[in-house]
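For reference, the chains in residue letters:
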Amino acid sequence: MSTVPLRPMIAQRPETVLRDEARTTGMVWLRELIRFERTRTRILSGLIQPVLFLIVMGYGMAGLVGSIEGFDFKKFMFPGIMAMSVVTTAIFSGMSIVWDREFGFLREMLVAPTSRASLALGKTAGGATVAAAQGTIMLILAPAIGVHLTGALVVEIVGLELLMAIALTAFGVFVATHIERMEGFQVVMQMLLFPMIFLSGALFPLNGLPDWLTVITRLNPLTYAVAPLRQVVFAAQHMTPRAQARFPSTVEVFGHTLSIGAEIAITAGFAAIFIALAIRGFSRTE
Amino acid sequence: MCAIYAEDEQTTRPTDRRRPVVEVHDLVRRFGEFAAVDGISFDVIEGEVFAFLGPNGAGKSTTINVLCTLAHPTAGRVLVAGFDVTAHPKAVRRNIGLVFQDQTLDDRLTAQENLRFHAVLYRVPSDQVQARIARVLELVDLSDRRYDLVSEFSGGMARRLEIARALMHVPRVLFLAEPPIGLDPQTRVLMWEDVLRLREEAGVTVFLTTHYMDEAEYADRIAIIDHGRIVALDTPEALKAAIGADTVELSTTDDTLATAALERVGYRVEAVPEGTRVYVEKGENAVPALIAAAGVPVRSVHVHRPTLDDVFLHHTGRQIRESHAEAMIPARVRAWHSRRR
Ligand SMILES: Nc1ncnc2c1ncn2[C@@H]1O[C@H](COP(=O)(O)OP(=O)(O)OP(=O)(O)O)[C@@H](O)[C@H]1O
Ligand SMILES: [Mg+2]
């Protein structure tokens, strides 16, 4: 038997602690990517649902709403569908902790001599990367729908998707740390995810809703994440003023139209809150 | 010998075999009013295989959880690798390897990826990771499966990979929580070969809990635990020797005569339906003398040595629930084990 001289663990020096925690976060992130890359079926099924929505709702509503000077409902929906894809994947990734628990791997992470925050951050970063990737894959549909893409637009889209994905993955991690069993997962998906998507403006304009619904949409974090995505896409589409009026992309709060910067700031705020909650949830998990 | 520990800087050892690596003083763990562990004390010596043997509900898992910092002691003091489990849980975790009852591998990852993940979380220096992966896989005989997905592993291979993973960060103590029930005999053999080899080649101290007599048999020392208390602690041989002598049962052509003859020469004897029972120090060695002393032709001889079951019965008044596991005693390991001694 060969003898490899190996050094045992030496007590940690403070200056190396941060680097080690960062390595941990990176490793957890990498695991999410490896798993994503190995589950092609998941990537595919992640595409099917949004495409179905696009076809069913996009074409269905297109007849109803009609086309305004070359701009139709499918184009309106497209950024929303991308957002939907990102959000679904993000929450799914965050909540995969429920699977990790079921299959035991969570225990391997939790008993390690590492900070729980590093684990929560790694899980969030990994899930968010995967979700943004999944959303970006949707861009292959753009030509078919007639959405015009530029290099700058793609960069903006990826950036906004990442921000949205971070917020929602952290949210998923937070929810998952409060769920003991698989059944809870289904319930959360039904009760939380779909209402959040429907009331975010992703699939239809938020104007003209009854007051009480309007209030709910303004409380929905997703609303502020979807709007900027739509705005950057629309800005590259040469819309006429009439089309812009028919297909609004902005959010009004208390009669004020939010700037894209304000929307991004609000989303970043939600992301920060959800990350804090995710870390706390992870720290308390046994 | 002690390959993994060859360059121990932290403790400036050449391994001191008498040095305790786990020290437990008056450990109590209560759930409400109920004391699952009720004031136990023991040391585990560097390099030994130490077994915690007891029936269901004895407090084995509760104890191991406290030792691994997964549960807090209600009272008492527990040091693992020199660190207090309550005050320095992270330091303890860096110095122990854990193999749980249930699998905790990611089966979508390869063996190498699982090990690498562990290495990073346990702060193995980057430049040593590759060498350690190769080394631990070699120890559990899985070198050729390094790049295979864990989902393609058999139950036994996965188990061995978990042991390998637990060794990645060169723990001072390897904790094996109840080697699982569902493993086939051959896998159990391999597992025990691994465990014993680890001790030989890597100098790893092994702490395991079990309710199988046959498994405890391999340990250097056994603590028998019942109702949260240690009722006996010693080597398997000493435990058995302590509860009494071997017995030899002779069946002869005339048992009454034989019994009387043996009693006259000074043996402690007892008439039993099968013939004559004689209590002696070393059963096998006494047989020729007994046959000579019986004075009548002997039909058959049966030597009975006390088992751990007898030991348990002696100390608790109850029989530990024996399972079919006894039938699975891996003879190959046993031979290997006795060669080692
Ligand atoms: N979380 C808990 N809450 C209350 N009682 C508990 C808890 N965990 C264990 N116990 C009790 O403590 C006692 C010891 O349990 P423990 O799991 O340590 O036994 P064990 O020796 O591991 O048994 P087994 O061989 O069945 O695994 C049992 O009576 C059990 O019911
Ligand atoms: Mg147990």
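Structural data are supplied above this passage.
Since we're looking at a predicted model, the values are computed, not measured.

(A) Quick peek at the nonpolar core. Counting residues in each nonpolar core, the largest one holds 109 residues, and the members touching the most others are Leu168(A), Phe247(A), Phe42(B), Val80(B), Phe175(B) and Phe207(B). By residue number, the principal contributor to this core is helix α3 (residues 73-95) of chain A, which donates 13 residues. With sequence-adjacent residues up to four places away left out, Phe175(B) is seen in contact with Ile64(B), Leu67(B), Cys68(B), Ile96(B), Gly97(B), Leu98(B), Val99(B) and Phe207(B). Residues Leu161(B), Leu174(B), Val204(B) and Leu208(B) belong to the second largest nonpolar core, which totals 48 residues.

(B) The arrangement of the site of ligand 1 in detail. Residue and element names in this part refer to chain B. Residues in contact with ligand 1 amount to 13 residues; listed here are only the nearest, Asn56, Gly57, Lys60, Ser61 and Thr62. Contacts to ligand 1 include Ala58, whose backbone N or O atom sits 3.1 Å from an oxygen atom. In this structure, Ser61 approaches ligand 1 through a side-chain N or O atom, which is 2.7 Å from an oxygen atom. About the coverage of ligand 1: the protein hides 60% of its 630 Å² of free accessible area. Of all the secondary structure elements, the ones that give two or more residues to the shell around ligand 1 are β2 (34-45) and α1 (60-67). The element contributing the most residues to the shell around ligand 1 is α1, with three residues.

(C) Highlighting the pattern of salt bridges. Enumeration over the complete set of coordinates arrives at 24 salt bridges over all chains. One salt bridge connects Asp106(B) with Arg31(A), and the closest N-O pair in it is separated by 2.5 Å. In this pair, Asp106(B) is assigned in the loop between β6 (96-99) and α3 (111-121) and Arg31(A) in helix α1 (residues 14-38), connecting two distinct chains. Like Asp106(B), the residue Arg31(A) is buried in the burial classification. Salt-bridge contacts for Glu46(B) lead to Arg19(B); the nearest nitrogen and oxygen are separated by 3.8 Å.

(D) Spatial organisation of the packing of helix α6 (residues 116-137) of chain A against helix α8 (residues 151-176) of chain A. Residues and elements named next belong to chain A. It is at 8 Å that the axes of α6 and α8 come closest, and there the two elements cross at 135°. Comparing the axis directions of α6 and α8 gives the class oblique. Relative to α8, α6 is oriented so that their crossing is right-handed. From α6, Lys123, Thr124, Gly127, Ala128, Thr129, Ala131, Ala132, Gly135 and Thr136 reach across to α8, where they touch Val158, Glu161, Leu162, Ala165, Ile166, Thr169, Ala170 and Val173. Of the residues assigned to the contact of α6 with α8, the class counts are nine nonpolar, six polar and two charged.

(E) Representation of unusual backbone geometry. Residues and elements named next belong to chain B. The phi dihedral of Asp26 is positive, around 50°, even though this residue is not glycine. Within the element layout of this structure, Asp26 appears in strand β1 (residues 20-31). Residue Thr69 is not a glycine yet carries a positive backbone phi of 65°. With respect to the helices, strands and loops of the structure, Thr69 is situated in the loop between α1 and β4 (75-80). By relative accessible area, Thr69 is classed as buried at 10%.

(F) Representation of the packing of α3(A) against helix α11 (residues 221-235) of chain A in the model. All names here are of chain A. In contact at an axis separation of 9 Å, α3 and α11 are set at 135° when each is read in the N-to-C sense. One way to sum up the angle between α3 and α11 is to call them oblique. Crossing handedness for the pair α3 and α11: right-handed. Listed contacts from α11 to Lys75, Phe76, Met77, Pro79, Gly80, Met82, Ala83 and Val87 of α3 are Leu222, Val226, Leu229, Arg230, Val233 and Phe234. Its residues placed into classes, the contact of α3 with α11 shows eleven nonpolar, one polar and two charged.

(G) Region of interest: the sheet that holds β4(B). All names here are of chain B. The four strands lie next to each other as β2-β1-β4-β5, forming an open sheet whose pairing is antiparallel. Unpaired on one side and paired on the other, β2 and β5 (83-84) mark the two borders of the sheet. As judged from the nine bridges shared by β1 and β2, these two strands associate in the antiparallel manner. Bridging across to β2, Val24 finds its partner in Phe42.

(H) Representation of a nonpolar patch on the surface. Residues and elements named next belong to chain A. A cluster of nonpolar side chains, Leu44, Ile48, Leu52, Ile55, Val56 and Tyr59, forms an exposed patch at the surface whose accessible area comes to about 620 Å². Following the sequence through the fold, Leu52 ends up in helix α2 (residues 40-65). The class of Leu52 is partly exposed, set by a relative accessible area of 48%.

(I) Seen up close, the packing of aromatic side chains. Residue and element names in this part refer to chain B. Inspection of the entire model under this criterion finds 17 aromatic pairs over all chains. On the numbers, 5.7 Å between centres and 20° between planes, the contact of Phe50 with Phe207 is stacked. Taken together, the positions of Phe50 in strand β3 (residues 49-53) and Phe207 in strand β8 (residues 205-210) put the pair 157 residues apart, joining distant regions of the chain. In this pair, the class of Phe50 matches that of Phe207, namely buried. Geometrically, the ring pair formed by Phe175 and Phe207 is tilted, given 5.4 Å between the ring centres and 50° between the ring planes. Separated by 32 residues along the polypeptide, Phe175 in strand β7 (residues 173-176) and Phe207 in strand β8 bring together distant segments of the chain.

Calculation rules
- Residues numbered from 1 in each chain as written.
- Chains lettered and ligands numbered in written order.
- Predicted model: local features only at pLDDT ≥ 70, side-chain atom pairs only at ≥ 80, totals over all residues.
- Heavy atoms only, no water.
- Core = buried A, V, L, I, M, F, W, Y, C linked by side-chain atoms within 4.5 Å.
- Buried < 20%, exposed > 50% of the residue type's maximum accessible area, 1.4 Å probe, protein only.
- Helix = DSSP H or I, 4+ residues; strand = E, 2+ residues; numbered from the N terminus.
- Contact = heavy atoms within 4.5 Å.
- Near = heavy atom within 4 Å.
- Polar contact = N/O pair within 3.5 Å; in protein donor to acceptor, adjacent residues only side chain to side chain.
- Areas by Shrake-Rupley, 256 points an atom, 1.4 Å probe, with all protein chains shown as cover.
- Salt bridge = Lys/Arg side-chain N within 4 Å of Asp/Glu carboxyl O.
- Axes fitted to C-alpha atoms, helices over the stretch in contact; angles between N-to-C directions.
- Parallel < 35°, antiparallel > 145°, perpendicular 65-115°, else oblique.
- Left-handed = near helix turned anticlockwise from the far one by under 90°.
- Nonpolar A, V, L, I, M, F, W, Y, C, P; charged D, E, K, R; others polar.
- Pairing = 2+ DSSP bridges.
- Patch = residues over 30% accessible without salt bridge, like charges linked within 9 Å, V, L, I, M, F, W, Y side chains within 5 Å.
- Phe/Tyr/Trp six-rings, centres within 6.5 Å; stacked < 30°, edge-to-face > 60°.

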